[in-house]
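# Inside the fold
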Amino acid sequence: MLPLRFSSEPDLEVTLKLELRGITKRFGPVVANDGIDLVIRPGEIHALLGENGAGKSTLMNVLYGLYQPDDGLILIDDISVAFRGPRDAMVAGIGMVHQHFMLIPVFTVAENVELGHEQTRRLGFLDHRKARRLVAEVSARYGLDVPPDALVADLPVGVQQRVEIVKALIRNANVLILDEPTAVLTPRETDDLMQVMRALRDGGTSIVFITHKLREVRAVADRITVIRRGAVVGEALPSASSAELASMMVGRPVLLTVDKGVATPGEPVLQVESLRVVNQNGQVAVDDVSFSVRSGEIYAVAGVQGNGQTELTESLIGLNRPTAGRIRIDGDDVTGESVDGILSRGVGYVPEDRSHDGMVAGFTIAENLVLDIFDQAPFAKGMSLDLKSIGDNAEHRVQEFDIRTPSIHANASTLSGGNQQKLVLARELSRPLRILVVAQPTRGVDVGSQEFVHRRIIEERDSGAAVVLISSELDEVLALADRIAVMYRGRIIGEVPAGTSAEQIGLLMAGAGNEPAQGGPASGTAGEAP
Amino acid sequence: MSQDEPRRADQPAAGGVPPVTPAGAARPSLGTRMLDAVRYGNTAVLTLLALLVAIVVGALLIAVADPTTRAAAQYFFSAPMDTFSAAARAIGGGYASLFEGAIYNPATASKGTLAGVLGPISETLVNATPLILGGLSVGLAFRAGLFNIGGQGQIIMGAIFAGYVGFAWHLPVVLHLIVAVIAGIVGGALWGGIAGLLKARTGAHEVITTIMLNYIAFNLLAFLLGLRGFQRPPYGQAISNVVDSNAQLPPLLGNGLRVHAGLFVALLAALGVWWLLSRSTLGFQLRAVGANQFAARTAGMSVERSYTVVMLIAGALCGLAGASQILGTNSAITQDIDAGIGFDAITVALLGRATPGGTVLAGLLFGALRAGGVQMQSSTGIPIDLVQVIQSLIVLFIAAPALIRSIFHLRAATGGLGTQLAKGWNG
């Protein structure tokens, strides 16, 4: 049984110094962490910056007791400790907020907090009152604003995250690990989280902030450790420029801005009229959405994840059947047409969850590169596959898109996130496109590949495709879009031209739609004039 | 074993973590690769080790079940060697007679007749034929993401259709056989297709529907076996009419040995399935749906159509097994025409890692175990159920590769196809 914090007094003297010395962790022949040294000083926000797959999460899982290091030491206040599991880590004062929350939606906040550490009164009755009191106290002390009696399912994502933080704090966490905490937050919620992080630090809690977002690191961190390919490549101060940090992460100079010429839009190619989509749970996910995208422009749909973008994209390529509304491609009504039919009209699709929807992990790279064209010439001859054409195509694409792999016959699952994305792009861009639908094109993609992905999207625009970009990364939207629509709770609550300030779009993303929703049921040409 | 997929040939371990070689690095030598295969638990190596462990556990069971050994164990501490020698004798005798029944029996071979020398092999092949066909059926369905538990029903339907054409119609030689075999294929395909269609149209889980279809086929057969025109006069026994000799699969090694042309049918089917899976556009689609139905759907494939088509083909393969049983091995249908083949086919497919080449080998192994088990029971009294136990142990160890790895101190790797097969229930 872990001791729960009984007093509401911040016990500053228990803050601890945490040190990792020479941590090495191998998975088979892959070295995920290679002799990593890291010191977390009491009361600092220490950012761990690195690309996806650099080994940040592995390192934190070692620290949290989920993995045993093959080599190296964990020292708390200069005493070596060994964690056999998360429970040991918790006892030692280390708490972790995972990227995916470990909460039970149908329990209240207080119930979630006491889960696994239930306090009982006489006769084994649960002491809910104490749990509620503790939640209220901790929440008040750090300004977390977590209601103890609310059902977790009813809370916004940002508040759920704070519930996780409360959980860790009540278990006496003096070092709090936040694993990519801003991935699911709106810009506003991100700001709130940073406030909370500062309040915690000022209260004496050390924070390890894992991220790959340079802006956030520079805004909140006290010290920055950069990790690349499993090894520490250096430390930096938050005063370092984004370009400096990025080149440390990637190991070479990186262009953070995208070179983009002026769009020369042509005729409307994709027209969406009063679209309404009901999701599997029977909820209206896309509500009366209308827009039109012209050839040669990038139309961005911004918004926090889960506001109907997924359903919208899926209905665009025929995976979802809309309950109302029309989708037209080049004037033809394609509503309810099969995916195959829509793709063959020259639609390319990069799904947001590429490993789930965009590729078959157990297939080779060569096979994945023809996943949607395997039955067309030259890859098929009658009922047979033409393995030679498929192989030639793969060699060609791997070269053109710089997919880093030892062999085109390696399984797609062996590729890193960035290379998987290049694989999907390579396939979709390998045929002439009228429309390119890309969802979250750089999610989980390393900074080095992001540049490449963005460039290819712009090239596709310049060669005349109508591009629909769905992204929850504001920076990406601002960098690429020619017109920007913001989606909130299934509706497009605003459509603004490129060059609109991040603040204004951020406000729209949080639902503060001071502009009237565009595109009434009758107008299929909403936002025709940017 | 994975001869159906040459594209995997230069991958170090299909089921393990492929050691990442940097681009442009020299290919590791054969020796290194073999060592890696063992160290990282190559699928074929794991299969062989599972086999070995199963045989060892089977040996322990023989020893424990043997009355002489148990009697000697009563005074183990005064004469321990008695126990060991009794156990060794029981185990040796058991496995020797298994070998004699399945591969080569010196006693009968010394008579010098063809039947005496090749008898055991013939029995193995006769038993292996329907197992290979059934295993191909289960393996193919699995590659497309479906768990075909309906082998029994599909075999029964194949046998009913083939058998009926065989004894009720009277056609010229060769033609009669071809028509009867096709009828068997149609019967099985019909039964499998129903499950596929239900899955595609209503989402009904194929495990449930195929099991229910097994019951229906079984009881349909019971009904038919009491029906005039189907039942053999004088209607005393639950057995069908005898298939015309025109419709029978010819014996391969003369009338003295049971092995028949069904074996060729099975091997041809394996070749066909290999082509389907690794060389055809249809197979590409089936595998894509099986490996990731979401990506397949997103790429414009029809998942529903795949389910229907693959169950039609899987049913056809089991129907072929039923036809081979009724037109080759037996000449009349009885209630136990399936003889557990439909269920053993699942284990054959699992052992063969759902690849056609592996399935042929696994079918031969299980055929040998079936043939040898009969001999073992008759000459040593060890119950034939032991063979079932060994088969089950093999599958158990394959389904739990972590267990084999820990026994042999192999390094951990990701679960191969075996794990998927064992976990594939919610597909």
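Residues numbered from 1 in each chain as written. Chains lettered and ligands numbered in written order. Predicted model: local features only at pLDDT ≥ 70, side-chain atom pairs only at ≥ 80, totals over all residues.

### Things to note about the overall build of chain B
Inclusion rule: Only DSSP runs of H or I reaching four residues or more are called helices, and only runs of E reaching two or more are called strands; each is numbered from the N terminus. Whether two residues are in contact is decided by their C-beta atoms, placed from the backbone, lying within 7 Å.
Looking only at helices and strands, one finds 18 helices and zero strands in chain B. Pairs at least 24 apart in sequence give 75% of the contacts found in chain B among residues at least 6 apart.

### Considerations on the nonpolar core
Operational definition: Think of a nonpolar core as buried Ala, Val, Leu, Ile, Met, Phe, Trp, Tyr and Cys residues, each tied to the set through C-beta atoms within 7 Å. Each residue is classed by its C-beta neighbour count within 10 Å, where at least 20 other C-beta atoms makes it buried, 12 or fewer makes it exposed, and intermediate counts make it partly exposed; the C-beta atoms are placed from backbone geometry.
Core analysis: the biggest nonpolar cluster contains 194 residues, and A300(A), L469(A), V486(A) and L317(B) have the highest contact counts within it. Among the elements that take part in this core, helix α13 (residues 303-329) of chain B stands out by supplying 14 residues, more than any other. Excluding its chain neighbours within four sequence positions, the residues that come into contact with A300(A) are L469(A), S471(A), V477(A), L480(A), A481(A), I484(A) and A485(A). L59(A), I207(A), V232(A) and A236(A) belong to the second-largest nonpolar core, a separate cluster that totals 67 residues.

### Some details on the sheet that holds strand β12 (residues 284-294) of chain A
Residue and element names in this part refer to chain A. Let me state the cut-off plainly: Being paired, for any two strands, means DSSP has found at least two bridges between them. Only the stretch in contact is used when fitting a helix axis, every axis being a line fitted to C-alpha atoms; angles between N-to-C directions are given from 0 to 180 degrees.
Strand order in this open sheet of four strands is β12-β11-β14-β15, and the pairing throughout is antiparallel. In this open sheet, the two edge strands, each paired with only one partner strand, are β12 and β15 (332-333). Across two bridges, strand β14 (residues 324-329) lies against β15 in antiparallel orientation. Within β15, the position partnered with R328 by the bridge is D333. On the sheet, helix α9 (residues 309-316) packs against β11 (268-278), β12 and β14 and is oriented at approximately 55 degrees with respect to β12.

### What about the domain arrangement of chain A?
What counts is decided by this rule: Here the limits of each domain have been adopted from an automatic or database domain assignment.
Here chain A is partitioned into domain 1 (16-93 + 174-186 + 201-250), domain 2 (103-172), domain 3 (257-346 + 432-530) and domain 4 (356-431). Each of domain 1 of chain A and domain 4 of chain A has a C-alpha centre, and these two points are 35 Å apart.

### What to know about the packing of helix α6 (residues 114-143) of chain B against helix α15 (residues 356-380) of chain B
Residues and elements named next belong to chain B. In plain terms, the rule: When an angle is under 35 degrees it counts as roughly parallel; over 145 it counts as roughly antiparallel; between 65 and 115 it counts as roughly perpendicular; any other value is oblique. By the definition used in this description, the sense in which the near helix is turned from the far one sets the handedness, with an anticlockwise turn below a right angle giving left-handed and a clockwise turn giving right-handed. Residue classes follow a fixed rule: Ala, Val, Leu, Ile, Met, Phe, Trp, Tyr, Cys and Pro count as nonpolar, while Asp, Glu, Lys and Arg count as charged, and any other residue, Gly among them, counts as polar.
Contact pair α6 / α15: the axes reach a minimum separation of 7 Å and the direction vectors enclose 135 degrees. Our classification of the angle between α6 and α15 gives oblique. Between α6 and α15 lies a crossing whose hand is right-handed. Across the interface between the two elements, P120, E123, T124, L125, N127, A128, L131, I132, G135, L136 and G139 from α6 touch P356, T359, V360, A362, G363, L364, F366, G367, A368, R370 and A371 from α15. When its residues are assigned to classes, the contact of α6 with α15 shows 13 nonpolar, seven polar and two charged.

### Concerning the packing of helix α7 (residues 151-168) of chain B against α13(B)
Residue and element names in this part refer to chain B. Interhelical geometry of α7 versus α13 gives an angle of 50 degrees and a closest axis separation of 7 Å. Viewed along their axes, α7 and α13 adopt a mutual orientation that is oblique. Both α7 and α13 take part in a crossing whose hand is right-handed. Residues G151, Q154, I155, I156, M157, G158, A159, A162, G163 and G166 of α7 pack against G315, C318, G319, L320, A321, G322, A323, Q325, I326 and L327 of α13. Tallied by class, residues from the contact of α7 with α13 come to 11 nonpolar, nine polar and no charged.

### Thoughts on the confidence of the model for chain B
Residue and element names in this part refer to chain B. Defined as follows: The quantity called pLDDT is the predictor's confidence in a given residue, expressed from 0 to 100.
Averaged over every residue, the pLDDT of chain B is 86; the share at 70 or more is 86%. Counting interchain partners and residues more than four positions distant, the pLDDT-below-50 stretch residues 1-26 has 68 contacts. Under a pLDDT of 50 for its full length, residues 413-427 has, in the predicted model, 35 contacts with residues more than four places off or in other chains. Overall fold confidence (pTM) sits at 0.77, and the ipTM for the predicted complex is 0.81.

### Examining the sheet that holds strand β1 (residues 18-27) of chain A
Residues and elements named next belong to chain A. The four strands lie next to each other as β2-β1-β4-β5, forming an open sheet whose pairing is antiparallel. Single-partner strands in this sheet number two, and they are β2 (30-40) and β5 (79-81). In this sheet, neighbouring strand axes are inclined to one another by 30 degrees on average, regardless of whether the strands run parallel or antiparallel.

### What to know about the environment of V135(A)
All names here are of chain A. When you line up the elements, V135 lands in helix α4 (residues 128-141). Exposure remark for V135: the 27 C-beta atoms within 10 Å place this residue in the buried category. For the pair V135 and K167, spaced 32 residues apart in sequence, the C-alpha separation works out to 8.2 Å. Among residues more than four places away in sequence, those in contact with V135 are V109, A110, V113, V146, P148 and V166.

### Remarks on the pairing of strand β16 (residues 347-350) of chain A
All names here are of chain A. Covered by surrounding structure in β16 are V347 and Y349 together with G348 and V350, the residues of both alternating faces. Across four bridges, β16 lies against strand β19 (residues 435-439) in parallel orientation. By the bridge assignment, V350 is partnered in β19 with V438.

### Description of the environment of T264(A)
Residue and element names in this part refer to chain A. Along the chain, T264 falls in the loop between α8 (242-250) and β11. Owing to 13 C-beta atoms within 10 Å, T264 belongs among the partly exposed residues under this scheme. Residues T264 and R461, spaced 197 residues apart in sequence, show a C-alpha to C-alpha distance of 9.1 Å.

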